[in-house]
Amino acid sequence: MSGQAQAVILGIETSCDETAAALVARDASGNGKILSNVVRSQLDEHAAFGGVVPELAARAHVAFLDHIIEAACRQAGIGLAEVDAIAATAGPGLIGGVLVGLTTAKAIAAALGKPLIAVNHLEAHALTARLTDGVAFPYLMLLVSGGHSQFVLVRGVGDYARWGTTIDDALGEAFDKTAKLLSLGHPGGPALEAAASQGNPRRFRFPRPLLREERLDFSFSGLKTAVRLEAEGLAPLTDKDVADIAASFQATVAEIVAVRARQALERFARELPGHRPLLVVAGGVAANRTIGAGLQRIADETGAELVVPPPALCTDNGAMVAWAGAERLALGAADDLSFAARARWPLDDPDMRILPDAA
Ligand code: KG4
Ligand code: ZN
């Protein structure tokens with residue numbers, strides 16, 4: 001593809017509760033441009049259940065995906081026939097939803113005779129900062145979403161080393177569960193951040209699990225239990241109690257994330273001398289301002305650069321999938337129509353690598 005001036009990629013994302021499609025162009029020098037990015041969040045479908053119901057999610061993807069793709073083409077002013085390749089999240093995620101998006105992508109690819117790119121959702125998050133900010137490899141990614149909390153060294157497209165992960169809940173999940181406990185609604189992250197802005201972050205001192213250890217892993221379940229016990233002890237909670245618990249919880253996780261980020265950046269400096277440490281934050285929790293401020297302080301103190309893509313590109317969207325597809329296509333990668341949807345698919349899986357003979 002490198003000889004071609006520009007490639008336009010359709011990206012499809014259906015791995016959780018966003019039905020999304022986008023058209024993204026990549027020029028021969030590797031610059032990306034979002035031509036359209038349409039996201040339909042299923043918040044209403046799942047609100048009554050306090051969380052995402054996989055079967056309902058899959059059905060909503062079936063009902064809406066065609067329209068979302070149509071809207072993405074219309075907004076970009078580009079017909080499907082002009083697209084160079086079709087990229088879709090092939091995992092990890094809720095398998096029913098992944099199947100809907102991947103099968104749709106295969107059908108379009110087969111009908112148009114265009115390449116299919118089966119995208120790892122985590123790789124799509126990992127490469128977004130190259131679309132938004134043009135960052136160069138290598139860099140460190142902190143992915144903090146509803147399903148993942150991990151530090152990943154991004155060495156190149158398809159070339160990742162996971163440095164740490166959560167041993168229990170994901171950070172977004174911890175926000176969602178704590179918000180549910182405090183009756184703040186779903187999704188919990190933004191609701192909890194709003195409540196916390198009215199509260200005293202120093203009223204409660206919650207545990208910081210694993211923090212004394214050097215490893216780059218997270219654990220949030222002990223914190224969650226401590227918050228629950230505190231709330232049960234105070235019940236019935238006043239608005240002030242809720243705000244103070246929310247603020248204290250948020251301050252605690254911001255500190256945990258900041259301490260870990262410092263350790264990860266120090267490891268980056270040790271293992272990749274000659275490269276200025278660069279931390280890219282991805283995933284829905286990247287929208288949290290207290291966590292962002294903590295990360296900025298650590299970046300300033302360690303001389304690292306911090307890149308946080310705009311919130312709409314940190315949460316799940318089709319543009320990140322299209323971009324990951326564009327990056328892979330530019331290296332000669334394409335996938336067979338028999339590629340199977342995956343519920344689990346770690347970034348450091350050997351089959352993420354783009355084989356030299358593919359180029
Ligand atoms: O990346 P994302 O949209 O979906 C995936 O999980 O892949 O992330 C959603 C998660 C939810 O858990 C949500 O509560 C959390 O990100 N989140 C936040 C904020 N905005 C979204 N957490 C904390 N503060 C926020 N402002
Ligand atoms: Zn995601």
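This one's a predicted model, so the numbers in the text were calculated from it and none came from an experiment.

Sorry, what's going on with the overall build of the protein chain here?
If you tally the helices and strands in the protein chain, you get eleven helices and ten strands. Its C-alpha atoms give the protein chain a radius of gyration of 20 Å, near enough to 21 Å, the size a compact globule of 359 residues would have. Scored against the burial criterion, the 359 residues of the protein chain give a buried share of 53%. A fraction of 72% describes how many contacts in the protein chain between residues 6 or more apart in sequence connect residues 24 or more apart. Here the protein chain carries 32 positive and 41 negative side-chain charges, and the mean point of each set is 4 Å from the other.

Honestly, the site of ligand 1 in this entry has me stumped. Any pointers?
Taken together, the neighbourhood of ligand 1 is formed by 19 residues, with Gly146, Asp176, Gly189, Glu193 and Gly284 sitting nearest. Interatomic distance of 2.6 Å between a side-chain N/O atom of Asp176 and an oxygen atom of ligand 1. In this structure, Gly284 approaches ligand 1 through a main-chain N or O atom, which is 2.9 Å from an oxygen atom. When ligand 1 is considered free in solution it has 550 Å² of accessible area, and contact with the protein chains removes 88% of it. Residue contributions to the shell around ligand 1 peak at four residues, all from helix α6 (residues 188-196).

Before we go on, may I ask you to explain the coordination of the zinc ion (ligand 2) in this structure?
Each donor-metal-donor angle would ideally measure 109.5 degrees in four-coordinate tetrahedral geometry, or 90 or 180 degrees in six-coordinate octahedral geometry. Taken together, the protein donors to the zinc ion (ligand 2) comprise His121 (NE2), His125 (NE2) and Asp316 (OD), at separations of 2.1 Å. Around the zinc ion (ligand 2) sit four donor atoms, and with donor-metal-donor angles ranging over 92 to 146° the site reads as irregular. In the primary sequence, the donor residues of the zinc ion (ligand 2) line up as H-x3-H-x190-D. A residue pair is termed long-range when its members are at least 10 positions apart, and His121 in helix α4 (residues 121-132) and Asp316 in the loop between α10 (311-314) and α11 (318-330) qualify at 195 residues. In this structure, His121 and Asp316 share a single accessibility class: buried.

Help me understand the packing of α6 against helix α8 (residues 239-271), please; the structure alone is not making it clear to me.
Packed helix pairs are characterised by how far apart their axes lie and by the angle those axes make with each other. Interhelical geometry of α6 versus α8 gives an angle of 110° and a closest axis separation of 7 Å. Considering the angle they form, α6 stands roughly perpendicular to α8. As α6 packs across α8, the resulting crossing turns out to be left-handed. Contacts between α6 and α8 involve Leu192, Glu193, Ala195 and Ala196 on the former and, on the latter, Ala243, Ala246, Ala247, Phe249 and Gln250. Classifying every residue of the contact of α6 with α8 by side-chain character gives seven nonpolar, one polar and one charged.

Can you walk me through the sheet that holds strand β5 (residues 116-120) in this structure?
Paired through their backbone hydrogen bonds, the strands of a sheet run either parallel or antiparallel. Spatially, β3-β2-β1-β4-β5 is the arrangement adopted by the five strands of the open sheet, whose pairing is mixed. In this open sheet, the two strands that pair with only one neighbour each are β3 (32-41) and β5. In this sheet, neighbouring strand axes are inclined to one another by 20° on average, regardless of whether the strands run parallel or antiparallel. As defined by bridge partners, strand β1 (residues 6-13) adjoins strand β4 (residues 85-91) across four bridges and the pair is classed as parallel. What sits directly across from Ile12, in β4, is Ala88.

What is the right way to look at the pattern of salt bridges in this model?
Opposite charge on two side chains allows them to pair when their charged atoms are near. The tally for this structure, following the rule as stated, stands at 20 salt bridges. Two residues, Asp169 and Lys224, come together in a salt bridge whose shortest N-O distance is 2.9 Å. One end of the pair, Asp169, is in the loop between β8 (159-164) and α5 (171-181); the other, Lys224, is in helix α7 (residues 221-234), and 55 residues separate them in sequence. Given the relative accessible area of 7%, Asp169 is considered buried. In this structure, Arg203 and Asp241 form a salt bridge, with 2.9 Å as the shortest nitrogen-oxygen distance. Linking Arg203 in the loop between α6 and α7 with Asp241 in helix α8, this pair joins segments that are 38 residues apart in sequence. Taking relative accessible area as the criterion, Arg203 reaches 34% and is therefore assigned partly exposed. On the accessibility criterion, Asp241 (9% relative accessible area) is buried.

Before we go on, may I ask you to explain the side chain of Gln250 in this structure?
Position of Gln250 relative to the elements: it lies in helix α8. Taking the relative accessible area as the measure of exposure, Gln250 reaches 6% and is therefore buried. Each residue touching Gln250, except ones within four places of it in the same chain, is listed here: Phe175, Leu192, Glu193, Ala196, Asn288 and Thr290.

Please clarify how the packing of aromatic side chains should be interpreted in this entry.
For any two aromatic rings, the description comes down to two numbers: the centre-to-centre distance and the angle of the planes. Enumeration over the complete set of coordinates arrives at six aromatic pairs. Look at Phe175 and Phe249: their rings are 5.2 Å apart centre to centre, the planes differ by 85°, and that puts the pair in the edge-to-face class. Here Phe175 is found in helix α5, whereas its partner Phe249 is found in helix α8, with 74 residues between them in sequence. Given the relative accessible area of 1%, Phe249 is considered buried. Grouping aromatic residues by their ring pairs yields a cluster made of Phe151, Phe218 and Phe220. The ring of Phe64 carries Arg40 above its face, with NZ or CZ at 3.6 Å from the centroid.

Which parts of the structure should I look at to understand α6?
In an α-helix there are 3.6 residues to a turn, and that puts residues three or four apart on one side. Along α6, the residues that are buried comprise Gly188, Gly189, Leu192, Glu193, Ala195 and Ala196. Projection of α6 onto a plane perpendicular to its axis shows the buried side chains occupying an angular sector of 165°, all on one side.

Calculation criteria
- For every chain, the first residue of its written sequence is number 1, and the numbers climb from 1 along that sequence.
- Written order decides the labels, with chains lettered from A and ligands numbered from 1.
- The predicted origin of the model limits local features to residues at a pLDDT of at least 70 and limits the giving and counting of side-chain atom pairs to 80 or more, whereas totals for whole chains, interfaces and linings rest on all residues.
- The side-chain values count all of the structure's non-hydrogen atoms but skip hydrogen atoms and water molecules.
- Numbered from the N terminus, helices here are DSSP runs of H or I no shorter than four residues, and strands are runs of E no shorter than two.
- We compute the radius of gyration over the C-alpha atoms and compare it with the globule rule, which gives 2.2 Å times the number of residues raised to the power 0.38.
- Between buried and exposed lies partly exposed: a residue is buried under 20% and exposed over 50% of the maximum accessible area for its type, with that area taken using a 1.4 Å probe on protein chains only.
- Throughout, a contact is declared for two residues whenever any of their heavy atoms are within 4.5 Å.
- Charged residues are defined here as Lys and Arg on the positive side and Asp and Glu on the negative side; His and the ends of the chain fall outside this count.
- For this purpose, a charge sits on NZ of Lys, CZ of Arg, CG of Asp or CD of Glu.
- Summary of the distance rule: residues count as near a molecule or strand when at least one heavy atom falls within 4 Å of that molecule or strand.
- Throughout this description, a polar contact denotes any pair of N or O atoms lying within 3.5 Å of each other; where both atoms belong to protein, one of them has to be capable of donating a hydrogen while the other can accept it, and for residues adjacent in sequence the pair is counted only when both atoms sit in side chains.
- Working definition of accessibility: Shrake-Rupley area with a 1.4 Å probe, residue cover restricted to the visible protein chains.
- The rule for donors is simple: N, O or S, within 2.8 Å of the metal, or within 3.2 Å if the metal is Na, K or Ca. Water isn't counted, so a site may look like it is missing partners.
- A four-donor site is called tetrahedral if each angle lies between 85 and 135 degrees; a four-donor site is square planar, and a six-donor site octahedral, when trans pairs exceed 155 degrees and the remaining angles lie between 65 and 115; all other cases are labelled irregular.
- Convention adopted: a line fitted to C-alpha atoms gives each axis, helices being fitted over their contacting stretch, and angles between N-to-C directions are expressed from 0 to 180 degrees.
- Orientation categories follow fixed angle ranges, with anything under 35 degrees roughly parallel, anything over 145 roughly antiparallel, 65 to 115 roughly perpendicular, and all other angles oblique.
- By definition, any crossing whose near helix is turned counterclockwise from its far helix by less than a right angle is left-handed, and any crossing with a clockwise turn is right-handed.
- When residues are grouped by polarity, Ala, Val, Leu, Ile, Met, Phe, Trp, Tyr, Cys and Pro land in nonpolar, Asp, Glu, Lys and Arg in charged, and all others, Gly among them, in polar.
- Only strands that DSSP links by at least two bridges are regarded as paired with each other.
- Any carboxyl oxygen of Asp or Glu that lies within 4 Å of a side-chain nitrogen of Lys or Arg is treated as forming a salt bridge with it.
- Here is the rule: rings of Phe, Tyr and Trp (six-membered ring for Trp) pair when centre to centre is within 6.5 Å. Planes less than 30 degrees apart are stacked, more than 60 are edge-to-face, and the remainder are tilted.
- Throughout this description, the term charge over a ring refers to an Arg CZ or Lys NZ atom that lies within 6 Å of the ring centre and within 35 degrees of the ring normal.
- Regarding the arc, it is the one traced by the directions from the helix axis to the C-beta atoms.

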